[in-house]
Amino acid sequence: MTARIDGFSKLSKSDKIDWIVSNFTHDPEGFKSLIKQYWNDDTELQRIHDEFAENTISNFYLPLGIAPNFLINGKIYAIPMAVEESSVVAAASNAAKYWQNRGGFKAVVLRTEKVGQVHFTFSGASSWLEEAFISLKPKLIQDLKPLMKNMEERGGGLLSLELRNKTSLLDNYYQLHATFETKDAMGANFINSCLEQLAASWEEEIDRREYTGGDHPDTEIIMSILSNYVPDCIVRAEVSCPVNVLDEDAMDTELFARKMIQAVSIAQVEPFRAVTHNKGIMNGVDAVVLATGNDFRAVEAGVHAYAAREGSYKGLTEAWIEDGQFSLRIDLPLALGTVGGLTRLHPLVRFSMEVLGQPSAKELMELVAVAGLAQNFAALRSLVTTGIQQGHMKMHLLNILNQLGASSTEKEKVVAHFKTATVSFNEAQQVLEQIRRS
Ligand code: MEV
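The structure presented is a predicted model; accordingly, all values stated were derived computationally and were not measured.

**Q** Where do I start with empty space enclosed by the protein in this structure?
**A** The rolling of a water-molecule-sized probe over the atoms marks out the regions of remaining empty space. Counting across every chain of the model gives two cavities of 30 Å³ or more. Estimates place the volume of the largest cavity at around 40 Å³. What lines the largest cavity is simply N228, V230, A298, V299, P333, L334 and A335. Across the lining of the largest cavity, the residue classes break down as six nonpolar, one polar and no charged. Counted as a void, the second largest cavity has a volume near 30 Å³. Lining the second largest cavity are K114, V115, M186, I191, L226, S227, N228, V230 and A335. For the lining of the second largest cavity, the elements supplying multiple residues, two or more each, are β4 (114-122) and β7 (219-227).

And the structure:
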């Protein structure tokens, strides 16, 4: 099946569906009704969703779960999480409950600076360019004023503007490197608009400025774009309690604390482990980022770059014991918004924001970092005690049973059986067959 089409975007939704199911599936009628089942015909809700993106033919659901009982900076939160992986919400809830009785989570935003760059080439003398930048800088900033008016009224705006010489890396390559404060907005549109204005003013001013060393050299703007690497937009979350109240069922508390620290240390030195360690953290981070309508791709890219900032990829958490006190800490670069983007548009994002008490962007950074830290604690706790599969497979059991077409009564019986037994696909299948035979 290699059907090609011109003007797909111009087709009506139902023609798009007809075209895709008839050209690319073996069961057009079946898939057509599946697609319709997932959309809310003729509703305002559907119209909003259709307009989020292009060529929409239906909706793609993810479960929205709640992890309650998070004590963060002395306040209790129920955290909404959009995630499909079994056991992520359960792990967050367990970690929340665990730390609720041990002082809770502490979180603090350390810095909130975002970055944008105008990338350009210049073929003349760098000393001339540097002098030109110094004298043109006030004009460049002045030209940004109309764009920055609203942001400045909210306490944000441009923080710094530098010319960076990158010619040792790439011939003729320079940047205008700008930093911004964007308050409660993630700031992508604001920053990109400012950068495009900056690029236009810069190119115009440079072109018409007299060049002292011969023919006027070429300047070419290559691109203007924010950076999703935000090492100076950073939040810290931490848990801490005396080793003797770690209270582990499965093992001596000293041994538990030591193994936790060893597990964190392994992720600091071994990239194969660090990636999985950080994946567990991102289970929590992405779920809250998605539920609050933020850009999880931007967060993912920035966090992993941060994990590799020292030249090798490392785990994002640190753990230690000092004066009999066990601590686990995470620092995360997070550019998040609580205004703009999907935050007021997506009805379930509005709901999540309401549940979280209409947080500021800073507060949301703290909550997301805590969700990541909680996941890391929960994962390491399982890994160094019972192993991950015990809890994971229990949560996965319902997926297995759904795959096997079990009814609700059958599910209840199988789940009861596995309260005391180890779950595997084969075991679940056999138990289900037995129930069906009897
Ligand atoms: C699974 O989604 C996440 C874990 O692998 C994280 C970890 O190993 O730390 C359990």
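**Q** I'm lost on the layout of surface pockets in this one. Help?
**A** Computed from the structure, the largest pocket encloses a volume of approximately 1400 Å³. Taken together, 43 residues form the lining of the largest pocket, with F52, G293, L342, H346 and V349 sitting closest to its centre. If you list the elements that add at least two residues to the lining of the largest pocket, you get α3 (44-52), α6 (188-208), α8 (271-291), α9 (296-307) and α10 (347-355). With five residues, α3 is the single largest residue contributor to the lining of the largest pocket. Within the lining of the largest pocket, the residues separate by chemical class into 22 nonpolar, 18 polar and three charged. Taken together, 34 residues line the second largest pocket, and the ones lying closest to its centre are A91, A378, A379, S382 and I388. Counting residues per element, the ones that place at least two in the lining of the second largest pocket are α4 (88-100), α8, α11 (361-384) and α12 (388-403).

**Q** Honestly, the pairing of strand β2 (residues 75-82) in this entry has me stumped. Any pointers?
**A** Regular strands show a simple pattern: their side chains alternate between the two faces of the sheet. Looking at chain direction, strand β1 (residues 64-72) and β2 are connected through seven bridges and run antiparallel. Each residue of the ladder has a partner; that of L71, found in β2, is I76. Counting the residues between successive antiparallel strands, the hairpin from β1 to β2 contains two residues, one of them, N73, with a positive phi of roughly 50°.

Calculation rules
- Residues numbered from 1 in each chain as written.
- Predicted model: local features only at pLDDT ≥ 70, side-chain atom pairs only at ≥ 80, totals over all residues.
- Heavy atoms only, no water.
- 1 Å grid on protein atoms, 1.4 Å probe; cavity = no way out; pocket = protein on both sides within 12 Å on 5 of 7 lines; lining within 4 Å.
- Points joined across faces, edges and corners; volume = space filled by probe spheres on them.
- Nonpolar A, V, L, I, M, F, W, Y, C, P; charged D, E, K, R; others polar.
- Helix = DSSP H or I, 4+ residues; strand = E, 2+ residues; numbered from the N terminus.
- Pairing = 2+ DSSP bridges.

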